[in-house]
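# Report on the structure
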Amino acid sequence: MSNDQPPPATGGPEDPFAKPPPHGEYGGSPYGAPAPPVADPLAGMPPLGNRGKRLVARIVDALIVGIPVYGLTGLAWGRYDLANAAETYGQSLIYAVVYLGYQVVLLTRSGQSLGKKLMNLRVAMLPDGSTPTPQAALKREATYSLVPLVPCCGSIFWLVNVLWCLWDKPYHQCLHDKAGRTVVVRAV
């Protein structure tokens, strides 16, 4: 028998029972790998638009487009009959197309519809904050105004779309914002 002691544990990978180094020795991670720096996704961006103001802006825009469209189509057809599904759908289709054009034209000019100007909001491209391109504005607004025309499930999609900003992190985007790669910020 020998009185030789076994060599001390080195703490390397060959010794699974070695005590880990104290927390922070490897850059702050208890697992030994350096913790990656977390960049603030909102850094350099104007403050996000208030959800309540976004809702008011959409209501204002809906009234600006809806009152003339439904008034003129009601006059052209002589009446407004909720029981006539084809007539109601036709009016909704005309409204959606006019609303789409209204939004795309104004968003590509300044990033603001009349409702957004009133609420001091603007739509910006997510990557760089610029005014939306025509393609981005078209994708964004088609998702908002045309998808709801799909019978039955379109209305459900529209509801999920507009509520999405309540739980979306970090940009509070609705699904139509995600489609156009846009974000709503305060106008400065």
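For the structure given in this document, a descriptive report is provided here. From a predicted model like this one, the values you see are computed outputs, not experimental measurements.

Conventions and cut-offs
Residues numbered from 1 in each chain as written. Predicted model: local features only at pLDDT ≥ 70, side-chain atom pairs only at ≥ 80, totals over all residues. Heavy atoms only, no water. Helix = DSSP H or I, 4+ residues; strand = E, 2+ residues; numbered from the N terminus. Polar contact = N/O pair within 3.5 Å; in protein donor to acceptor, adjacent residues only side chain to side chain. Contact = heavy atoms within 4.5 Å. Buried < 20%, exposed > 50% of the residue type's maximum accessible area, 1.4 Å probe, protein only. Pairing = 2+ DSSP bridges. Patch = residues over 30% accessible without salt bridge, like charges linked within 9 Å, V, L, I, M, F, W, Y side chains within 5 Å. Areas by Shrake-Rupley, 256 points an atom, 1.4 Å probe, with all protein chains shown as cover. Salt bridge = Lys/Arg side-chain N within 4 Å of Asp/Glu carboxyl O.

### Quick notes on the side chain of Ser113
Its place among the elements puts Ser113 in the loop between helix H2 (85–110) and helix H3 (114–118). A polar atom in the side chain of Ser113 sits 2.5 Å from the side chain of Asp61. Those residues within four positions of Ser113 in sequence are excluded, and the remaining contacts are Asp61, Tyr102, Gln103, Leu106 and Leu107.

### As for the pairing of strand E1 (residues 121–125)
Of all five residues making up E1, five are buried, and the element is well covered by its neighbours. Side chains Leu121, Val123 and Met125 project from E1 onto one buried face, and the interleaved Arg122 and Ala124 project onto a second face that is buried too. Of the pairings in the sheet, the one linking E1 to strand E2 (residues 182–186) comprises five bridges and is antiparallel in character. Residue pairing for E2: Met125 is matched across the bridge by Thr182.

### With respect to the side chain of Gln173
Its location among the elements puts Gln173 in the loop between helix H5 (153–163) and helix H6 (175–180). Accessibility expressed as a relative area gives 5% for Gln173, which makes it buried. At 3.2 Å, the side chain of Gln173 and the side chain of Lys178 are in polar contact. Residues in contact with Gln173, not counting those within four places in the same chain, are Leu126, Trp164, Cys165, Asp168, Lys178 and Thr182.

### Observations regarding a nonpolar patch on the surface
A contiguous nonpolar patch, built from Trp158, Leu159, Leu163, Leu166 and Trp167 and spanning about 480 Å² of accessible area, is present on the exposed surface. On the secondary structure map, Leu163 appears in helix H5. The partly exposed category is assigned to Leu163, whose relative accessible area is 34%.

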